[in-house]
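Results of the structural survey
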Amino acid sequence: QNLLAEKVEQLMEWSSRRSVIRMNGDKFRRFVKAPPRNYSVLVMFTALQPQRQCSVCRQANEEYQVLANSWRYSSAFSNKLFFTIVDYDEGADVFQQLNMNSAPTFMHFPPKGKPKRADTFDLQRIGFAAEQLAKWIADRTDVHIRVFRPPNYSGTIALALLVSLVGGLLYLRRNNLEFIYNKTGWAMAALCVVFAMTSGQMWNHIRGPPYAHKNPQNGQVSYIHGSSQAQFVAESHIILLLNAAITMGMVLLNEAATSKGDVGKRRIICLVGLGLVVFFFSFLLSIFRSKYHGYPY
């Protein structure tokens, strides 16, 4: 009992200084692995040193800090749950002990017993947004954390600048507003919105997936997620460009069919448009097939 009280007191003291407790191998084995324990510990295994070049680790760490601060400064804060972090350069022995070969990884260590499969957060499928982590923690510990994010005025400032720019443009062109009725301009704006939505930009905004995935064993970078349940940010950019290329091909085909110019020129436009549609739509289908493995091709 005295040992348990000492461990809880030490963890509470560290938490009072910093919401996320940094741990090396010795601290991890003493406070997380070794009994007695009557508290849950959430551990983020990561590699934040600049030489590791893990951009996903930095992004996940920002969300992790938001979640830990939300818990630390909430009225429900208690010694039931502690947030910790183990960096590879400070605890490589811990990574080896757990046979861990990728970062970032989130694990929950329960008060009693060993972590189960569900105690490892499915980052690739769910993403690392603080809200998703909070939901997972609630499932594992019955501790409900309401996420409070620091105010971010960048969106408000950007919107204000956009409104000012549009308002200034309309004021300067107030004597000639024919450009507002330009169908081509409105069509381009509508296509940009369609491309953004069909490529999964809204999903990225909600789930916060990593830009890409680098295999730590062979260093190979994957830009397309292998499951239909998730995607990378780079993947949505690729899909956007493919859809844009296919649309351009369709526009050229329509131009070749409806214009009244030189026949030879129209034939060239037709072949270019057909080539764009066939090539990039085939590429799009190949990506679809790699994600939906059971689809009957």
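Residues numbered from 1 in each chain as written. Predicted model: local features only at pLDDT ≥ 70, side-chain atom pairs only at ≥ 80, totals over all residues. Heavy atoms only, no water.

Threshold: UniProt positions are given in the numbering used here, feature names are shortened, and annotations may be inferred rather than shown by experiment.
As recorded in an unreviewed UniProt entry, the chain goes by TUSC3 protein and comes from Eubucco bourcierii. Under the UniProt heading Pathway (unreviewed entry), the note attached to the chain is "Protein modification; protein glycosylation." The UniProt entry for the chain carries this comment under Subcellular location (unreviewed entry): "Endoplasmic reticulum membrane".

**Describing the state of the cysteines**
This is how it is decided: For this text, the term disulfide refers to a pair of cysteine sulfurs within 2.5 Å. Per-residue accessibility, obtained with a 1.4 Å probe over protein chains only, is compared with the maximum for each type, and a residue is labelled buried under 20%, exposed over 50%, and partly exposed between these values.
Here the structure, examined in full by the defined rule, presents one disulfide. Put simply, Cys 54 and Cys 57 are joined by a disulfide, and their sulfur atoms are 2.1 Å apart. Its S-S torsion of about 70° marks the bond between Cys 54 and Cys 57 as right-handed, since a negative value means left-handed. Here Cys 54 matches Cys 57 in class, with each residue buried.

**Digging into the domain arrangement of the chain**
Often, the extent of an interface is quoted as the loss of accessible area on bringing the components together. How we decide: Segmentation of the chain into domains, including their bounds, is taken from an automatic or database domain assignment. Simply put, the buried area is the total loss of 1.4 Å probe accessible area from both parts when two parts are fitted together. A pairing counts as a salt bridge when a side-chain nitrogen of Lys or Arg comes within 4 Å of a carboxyl oxygen of Asp or Glu.
For the chain, the domain assignment lists domain 1 (1-139) and domain 2 (177-289). Summarising the inter-unit geometry, the C-alpha centres of domain 1 and domain 2 are found 40 Å apart. Summed over both partners, the interface of domain 1 with domain 2 buries about 940 Å², with 50% contributed by carbon and sulfur atoms. Across the domain 1-domain 2 interface, the total number found is zero salt bridges.

**Remarks on the nonpolar core**
Just so we agree on the cut-off: As used here, the term nonpolar core means buried Ala, Val, Leu, Ile, Met, Phe, Trp, Tyr and Cys residues forming a set that is joined through side-chain atoms within 4.5 Å. The helix and strand labels rest on DSSP assignments: H or I over at least four residues marks a helix, E over at least two residues marks a strand, and numbering proceeds from the N terminus. The contact rule is simple, with two residues in contact once any of their heavy atoms fall within 4.5 Å.
Ranked by internal contacts, the top residues of the largest apolar core, which has 26 residues, are Leu 67, Leu 81, Phe 83, Phe 106, Ile 137 and Ile 145. Those elements that place two or more of their residues in this core are β2 (40-46), α3 (55-72), β3 (81-87), α5 (123-126) and α6 (130-141). Looking at this core element by element, the count peaks at seven residues for α3. Ignoring anything within four residues of it in the chain, the contact list for Leu 81 reads Ser 40, Leu 42, Trp 71, Ile 137, Val 143 and Ile 145.

**Let's talk about the UniProt feature "transmembrane region" (unreviewed entry) in the chain**
According to UniProt, the feature "transmembrane region" (unreviewed entry) maps to residues 153-172, 184-203, 238-256 and 268-288 in the numbering used here. Regarding residues 184-203, the helix share stands at 90% and the strand share at 0%, and the terminal C-alpha atoms are separated by 28 Å. Between the end C-alpha atoms of residues 238-256 the distance is 27 Å, and the span holds 100% helix and 0% strand.

**Some thoughts on the pairing of β2**
Quick reminder of the rule: When DSSP locates at least two bridges between a pair of strands, those strands are taken to pair. With the strands pointing away from the viewer, any crossover whose connection runs clockwise from the first strand over the helix to the second is right-handed.
Counting buried residues in β2 gives seven out of seven residues, a clear majority hidden from the surface. Residues Ser 40, Leu 42, Met 44 and Thr 46 point to one face of β2 and Val 41, Val 43 and Phe 45 to the other, with burial holding for every one of them. Relative to β3, β2 runs parallel, the two sharing seven bridges. Residue Ser 40 lies in a different strand from β3, and its bridge partner there is Leu 81. After leaving β2, the chain enters α3 and then returns to the sheet as β3, a path that is right-handed. Relative to strand β4 (residues 105-109), β2 runs antiparallel, the two sharing five bridges. Of the residues in β4, the one forming a bridge with Val 41 is Phe 109.

**Observations concerning the pattern of salt bridges**
One pass over the structure, following the stated rule, counts 10 salt bridges. One salt bridge in this structure joins Arg 149 and Glu 131, with 2.9 Å as the shortest N-O distance. Taken together, the residues Arg 149 in the loop between α6 and α7 (154-172) and Glu 131 in helix α6 connect sequence positions 18 residues apart. Note on Arg 149: relative accessible area 40%, which makes it partly exposed.

**Description of the packing of helix α1 (residues 2-17) against helix α2 (residues 25-33)**
When two helices pack together, their arrangement is captured by the angle between the axes and the distance separating the axes. This is how the line gets drawn: Only the stretch in contact is used when fitting a helix axis, every axis being a line fitted to C-alpha atoms; angles between N-to-C directions are given from 0 to 180 degrees. An angle below 35 degrees is treated as roughly parallel, one above 145 as roughly antiparallel, one from 65 to 115 as roughly perpendicular, and anything else as oblique. Left-handed is the label given to a crossing in which the near helix is rotated counterclockwise from the far helix by less than a right angle, and right-handed is the label when the rotation is clockwise. By the convention adopted, Pro, Cys, Tyr, Trp, Phe, Met, Ile, Leu, Val and Ala count as nonpolar, Lys, Arg, Asp and Glu as charged, and the other residues, Gly among them, as polar.
Remark: α1 packs on α2, axes separated minimally by 10 Å, with the N-to-C direction vectors making an angle of 120°. Between α1 and α2, the angle is such that the two are oblique. Note that α1 runs across α2; the crossing there is left-handed. In contact with Lys 7, Gln 10, Leu 11 and Trp 14 of α1, α2 contributes Lys 27, Arg 30 and Phe 31. Residue composition of the contact of α1 with α2, by class: three nonpolar, one polar and three charged.

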